[in-house]
Amino acid sequence: MSNSLKRIFLVLGLCLPATHAMAALPRASVVPGGVALIDIGPAGASEPQVYLGNQRVLAVTDGTRLKAVVGIGLSVEPGDLKLEVRADGGSRFVPFKVQPKRYREQKLTVPQRQVDLSPEDAARVEKESTRLRAVYDSFSAAAPPTFLLQPPVRGIRQDTFGSRRVFNGQARNPHSGMDIAAGTGTPIRAPADGTVVDVGNYFFNGNNVLIDHGQGFITMYCHLSAFDVKAGDKVKTGQLIGKVGATGRVTGPHLHFGVLLNGASVDPSLFLPPLSSGAPASQR
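In this numbering scheme, every chain counts its residues from 1 along its sequence in written order. Local features are withheld for residues below a pLDDT of 70 in this predicted model, meaning they are given only at 70 or higher, and side-chain atom pairs are given and counted only at 80 or more; totals for whole chains, interfaces and linings count all residues. Only hydrogens and water are set aside; all other atoms, that is, all heavy atoms of the structure, feed into the side-chain values.

**Some thoughts on the pairing of strand β13 (residues 194–202)**
Okay, step 1: Only strands joined by at least two bridges in the DSSP assignment are considered to pair. We count a stretch as a helix when DSSP gives it H or I for four or more residues in a row; a strand needs E for two or more, and each element gets its number in order from the N terminus. Relative to strand β17 (residues 234–235), β13 runs antiparallel, the two being bridged by two bridges. When the sheet's bridge partners are listed, Thr195 is paired in β17 with Lys234.
Okay, step 2: Relative to strand β14 (residues 206–214), β13 runs antiparallel, the two sharing seven bridges. Within the sheet, the bridge partner assigned to Val196 lies in β14 and is Ile211.

As structure tokens, then:
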């Protein structure tokens, strides 16, 4: 917006939009593991609270309208869902429909102890899952600076998000992130401004970093060989946060890059610059 236009807004006593224009939002894909952009009504001086079930949902201003940016979990069954919009002491519901999507199957071989867990490892995984779920479900006050993310590492984007994973012949949960192939030690950089909310070593994720970009929009970085940040650090776009590795349950060095909205893991490709037509799936 030009300075002259800003002055016109101020002279007329109008409010400048406080959040994002539509061009800054992720691409919509209303399927399990995707993102829905739902119009929930005119933008006003006081914004309503939006929920999907018990989970708070991010909402942003698009011109004169308010849009909910809804993460759809991979386990969600296709069909009718509804958002609850709470405002002025009451609530109303906004329906939307989730379309089906078929993801491919991925067969992997890993050490057997990472498939058939010992009692000690199972207890560790349960404790770690509780810790991670608390971060995934968090909802901070500040709005995200953007939804358009820079690639966090130079490497080949692999089509692994949502794939039905079979480890050593045993089916497990679908893959909740994008694998980016890169050598050990390759720098990993923050794709947008945010706050580091968790750094740790996990049984499955290995060395792991989580960055909160605001209001339930969180990015995840797994299997690192080294950290360059700690919990509580404020990071800027392009800042070094760690290096690619092969820690945790992996078959080789790579970055597992995850994106979460309202506690749901969603397809990171919806937030990254699209690859040019005919180009290999890599960040250059």
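**Let's talk about the nonpolar core**
Okay, step 1: The set of buried Ala, Val, Leu, Ile, Met, Phe, Trp, Tyr and Cys residues whose side-chain atoms join them within 4.5 Å is what this entry labels a nonpolar core. Exposure categories follow from relative accessible area, calculated using a 1.4 Å probe and restricted to protein chains: below 20% of the type maximum is buried, above 50% is exposed, and the middle band is partly exposed. In terms of nonpolar packing, the biggest core is built from 33 residues, with Val69, Tyr221, Leu255 and Phe271 touching the most fellow members.
Okay, step 2: Those elements that place two or more of their residues in this core are β1 (35–42), β3 (55–62), β11 (178–181), β14, β15 (217–224) and β19 (254–261).
Okay, step 3: It is β19 that provides the largest number of residues to this core, a total of four residues.
Okay, step 4: When checking whether two residues touch, look at their non-hydrogen atoms; a contact exists if any pair is within 4.5 Å. Setting aside chain neighbours within four positions, we find Tyr221 in contact with Pro152, Ile188, Pro191, Asn207, Asn208, Val209, Ile211, His213, Ile241, Leu255, His256 and Phe257.
Okay, step 5: Ala36, Leu66, Ile72 and Val85 belong to the second-largest nonpolar core, a separate cluster that totals 16 residues.

**Looking at the pattern of salt bridges**
Okay, step 1: One speaks of a salt bridge when a side-chain nitrogen belonging to Lys or Arg is within 4 Å of a carboxyl oxygen belonging to Asp or Glu. Across all of its chains, the model carries ten salt bridges by this definition.
Okay, step 2: When the shortest N-O distance is used, the salt bridge between Glu128 and Arg124 registers 2.5 Å. Taken as a pair, Glu128 and Arg124 lie in helix α2 (residues 119–136) at a separation of four residues, close to a single helical turn.

**Here's the deal with the packing of aromatic side chains**
Okay, step 1: Pairing of aromatic side chains requires ring centres within 6.5 Å, counting the rings of Phe and Tyr and the six-membered ring of Trp. Pairs whose planes differ by under 30 degrees are stacked, by over 60 edge-to-face, and all others tilted. In this structure the tally under the stated criterion is five aromatic pairs.
Okay, step 2: Centre to centre, the rings of Tyr103 and Phe161 are 6.1 Å apart; their planes meet at 80°, and the pair counts as edge-to-face. Separated by 58 residues along the polypeptide, Tyr103 in the loop between β6 (90–98) and β7 (105–108) and Phe161 in the loop between β8 (156–157) and β9 (164–167) bring together distant segments of the chain.
Okay, step 3: For Tyr103, a relative accessible area of 11% translates into the label buried.
Okay, step 4: Members of the aromatic cluster, joined through ring pairs, are Phe147, Phe217 and Phe271.
Okay, step 5: Positioned above the aromatic ring of Phe93 is the side chain of Lys82, whose terminal nitrogen or guanidinium carbon lies 4.7 Å from the ring centre. Throughout this description, the term charge over a ring refers to an Arg CZ or Lys NZ atom that lies within 6 Å of the ring centre and within 35 degrees of the ring normal.

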